[in-house]
Amino acid sequence: MASARSLLLAIAAVVALALPVAAQAEDTTVSGSILVPEGSTLDGAAAWTVLVEDTSLADAPAMTIGAAAGAVEDPSVTAIPFAAIYDAALVDESATYTLNARIVAADGALLFVNDTAIPVITAGAPVDDVTVPVVAVEPVVGGEPRVIELEADAALRFLQDGEPVAEVPVTPGETVVFRIDNTAGFAHNFWIGSDDELAVPNGATDVGIPDWDSGVQELEWVVPDDLTGLRFACTVPGHYTLMQGDFAVRP
């Protein structure tokens, strides 16, 4: 139980940091239930979170405007009630808001996540009795690493199959190989880290590919259980603004 309590405290701290600083006078809630898949149990589960996110822009990170978190007390339950507090003053009626639900183990490993968008608040979407179905996350174990092929081009873009990439789906626990072809004719790099680390010109982390001028470079990476705050980017001066993206959980 001590580890579960520690995890819950850590999650609560992360949730608090994710929320924007704003007046609390207009706080209200989105409430409902996280629905566990039929036939599944929450054995090994320790905590859950629900984030209220502004997902209006497909090519930009979601902005969290509200959250709820709690401990998994009974592994036999099929629905977990939640009431996520958000600040109504932050709501833009023209924006799209969705819920992001997760259930994790005591060691932080991701066990369940919702894999469909759950609209709330605007455009007639509900704020009460919202149901959030989640699915089990199955880490890839054994076998060959999954290869993710990207191109770093002269227009300062990461491309996949010829299309700009702002989000790369990965599964916590799996091993992936980034195979990146620099077709620009000048230096690019590829680093994985926090926004604070990557936004610095020539920033580097412990995970990545240093500057290279042309051809293909590879990076093998074991996806961590907790992807919170992790992004990818090219940090060559002047490149970061256009060459950056997020990781999404791949069910």
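Residues numbered from 1 in each chain as written. Predicted model: local features only at pLDDT ≥ 70, side-chain atom pairs only at ≥ 80, totals over all residues. Heavy atoms only, no water.

1. Some words on the pairing of strand S2 (residues 45-54)
Stage number 1. Counting buried positions along S2 yields 10 of 10 residues, so the element is predominantly enclosed.
Stage number 2. Where S2 meets strand S5 (residues 97-105), 9 bridges bridge the pair, whose relative direction is antiparallel. Bridged to Asp 54 within S5 is Tyr 97.
Stage number 3. Alignment of S2 against strand S3 (residues 63-71), held across 8 bridges, turns out to be antiparallel. The residue of S3 that forms the bridge with Ala 47 is Ala 71. (Buried < 20%, exposed > 50% of the residue type's maximum accessible area, 1.4 Å probe, protein only. Helix = DSSP H or I, 4+ residues; strand = E, 2+ residues; numbered from the N terminus. Pairing = 2+ DSSP bridges.)

2. Some words on the environment of Ala 47
Stage number 1. Relative to the assigned elements, Ala 47 resides in strand S2.
Stage number 2. Owing to a relative accessible area of 0%, Ala 47 belongs among the buried residues under this scheme.
Stage number 3. Along the backbone, Ala 47 and Val 104 are 57 residues apart, and their C-alpha atoms lie at a distance of 5.6 Å.

3. Section: the pattern of salt bridges
Stage number 1. In this structure the tally under the stated criterion is 6 salt bridges.
Stage number 2. Between Glu 174 and Arg 146 there is a salt bridge, with the nearest N and O atoms lying 2.8 Å from each other. Of this pair, Glu 174 sits in the loop between strand S13 (167-170) and strand S14 (175-182) while Arg 146 sits in strand S10 (residues 146-152), and the two are 28 residues apart along the sequence.
Stage number 3. Judged by its relative accessible area of 24%, Arg 146 falls in the partly exposed class.
Stage number 4. Residue Arg 231 is joined to Asp 195 by a salt bridge in which the shortest nitrogen-to-oxygen separation is 3.0 Å. You can see Arg 231 sitting in strand S18 (residues 231-233) and its partner Asp 195 sitting in helix H2 (residues 195-198), a full 36 residues away along the chain.
Stage number 5. Note on Arg 231: relative accessible area 8%, which makes it buried.
Stage number 6. It is possible to trace a salt-bridge network through shared partners that takes in Glu 149, Arg 179 and Glu 218. (Salt bridge = Lys/Arg side-chain N within 4 Å of Asp/Glu carboxyl O.)

4. Quick word on the packing of aromatic side chains
Stage number 1. One pass over the full model with this rule turns up 8 aromatic pairs.
Stage number 2. On the numbers, 5.0 Å between centres and 45° between planes, the contact of Phe 178 with Phe 190 is tilted. In this pair, Phe 178 is assigned in strand S14 and Phe 190 in strand S15 (residues 188-193), connecting sequence segments 12 residues apart.
Stage number 3. When its relative accessible area of 0% is taken as the criterion, Phe 178 is described as buried.
Stage number 4. Taking the centre distance of 4.9 Å and the plane angle of 40° together, the rings of Trp 221 and Phe 247 count as tilted. Here Phe 247 lies in strand S19 (residues 244-249) and Trp 221 lies in strand S17 (residues 215-222), a separation of 26 residues in the sequence.
Stage number 5. Owing to a relative accessible area of 6%, Trp 221 belongs among the buried residues under this scheme. (Phe/Tyr/Trp six-rings, centres within 6.5 Å; stacked < 30°, edge-to-face > 60°.)

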